[in-house]
Structure formats: C-alpha cells, structure tokens
Amino acid sequence: MVKFTDDLVRAFYAEHADKPYFPQIIQAMTSDVVVGIEVLGDNAIEAAIRLAGPTNPAQAKASAPQSWRARFGS
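Per chain, residues are indexed from 1 in the order of the written sequence. Reporting of local features is limited, given that this is a predicted model, to residues whose pLDDT is at least 70; pairs of side-chain atoms are given and counted only at 80 or more, and all residues count toward the totals for whole chains, interfaces and linings. Hydrogen atoms and water are omitted, and side-chain values are computed over all heavy atoms in the structure.

1. A word on helix α3 (residues 44–52)
Next up, step 1: Note on exposure labels: buried denotes an accessible area under 20% of the residue type's maximum, exposed denotes more than 50%, and partly exposed covers the range between, all computed with a 1.4 Å probe on protein chains only. By definition, any uninterrupted DSSP run of H or I lasting at least four residues is a helix, any uninterrupted run of E lasting at least two residues is a strand, and each is numbered from the N terminus. Three or more residues of α3 are buried, namely Ala-44, Ala-48 and Ala-52. The arc that holds every buried residue of α3, seen down its axis, measures 75 degrees, which confines them to one face. Those residues of α3 that are exposed and aimed more than 90 degrees away from the buried face are Ile-49 and Arg-50.
Next up, step 2: Here a residue-residue contact requires only that any non-hydrogen atoms of the pair lie within 4.5 Å. Each element contacted by the buried residues of α3 is listed here: α5 (68–72).
Next up, step 3: Looking one or two residues beyond α3, the residue adopting positive phi is Gly-53, at roughly 85 degrees. Directions are taken from the helix axis to each C-beta atom, and the arc is the one they span.

Written out as structure tokens, the structure reads:
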C-alpha cells in the first residue's frame, strides 16, 4: 500500500496527461492509499485487464459481473 503524490500520479499516468479527465485521475489516485498487485504468468497484462473489467463500473456490472470494477467500483 502506498499513498500517491501528485508527482507520482503524473509519472505513472503520463500518457493521459493531455486528456480532459486527467485532473480526475490525479484526484482519485491521491485521495487515499493505493494497493498494488503483481500479476505473473503468460499474458499477464491481458489477464489483469480482464480481471479489472471495463473502465465504467456500470458497464462492468452488465458485461463482466465478476470483474474488480463490477464488484468494487463506483
């Protein structure tokens, strides 16, 4: 668990810096502690993306009800 700073969020999500929603990313990621996970194995990134589910929690609840975003997102 770690508490992200603005600078750490800016570095971690640099590819989103020019997006209109970037301030919301900073706000969300610095609002509380972040729990990191390590996913290992073949196609680990794709597996983690599937586990997370669609970005929108409402969509995740409809299309991937066992995903993390469906179960814990708001």
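2. Thoughts on the packing of aromatic side chains
Next up, step 1: Each pair of aromatic rings taken from Phe, Tyr and Trp, with Trp reduced to its six-membered ring, is defined by centres within 6.5 Å and is described as stacked if the planes are under 30 degrees apart, edge-to-face if over 60, and tilted in the remaining cases. Per the stated rule, a full pass over the model turns up two aromatic pairs.
Next up, step 2: Ring geometry for Phe-12 against Tyr-13: centres 5.1 Å apart, planes inclined by 70 degrees, an arrangement best described as edge-to-face.
Next up, step 3: Members of the aromatic cluster, each reached through a chain of ring pairs, are Phe-4, Phe-12 and Tyr-13.

3. With respect to a nonpolar patch on the surface
Next up, step 1: Together, Met-1, Val-33, Val-35, Ile-37, Val-39, Leu-51, Trp-68 and Phe-72 line one region of the surface with nonpolar side chains, adding up to about 830 Å² of accessible area.
Next up, step 2: Judged by relative accessible area, which is 56%, Ile-37 ranks as exposed. Like-charged residues are merged into a patch within 9 Å and nonpolar side chains (Val, Leu, Ile, Met, Phe, Trp, Tyr) within 5 Å, provided each residue has over 30% relative accessible area and no salt bridge. Every accessible area reported is derived by Shrake-Rupley at a probe size of 1.4 Å, with residue values counting cover from the shown protein chains alone. Whenever Lys or Arg places a side-chain nitrogen within 4 Å of a carboxyl oxygen from Asp or Glu, that contact is recorded as a salt bridge.

4. Structural notes on unusual backbone geometry
Next up, step 1: Unlike most non-glycine residues, Asn-43 shows phi in positive territory, near 55 degrees.
Next up, step 2: Within the secondary structure, Asn-43 sits in the loop between α2 (22–30) and α3.

5. Digging into α2
Next up, step 1: Of the residues making up α2, those classed as buried are Phe-22, Ile-25, Ile-26, Met-29 and Thr-30. All buried residues of α2 lie within an arc of 110 degrees about the axis, which places them on one face of the element. Away from its buried face by more than 90 degrees, α2 exposes Pro-23 and Gln-27.
Next up, step 2: On its buried face, α2 sits against α1 (6–12).

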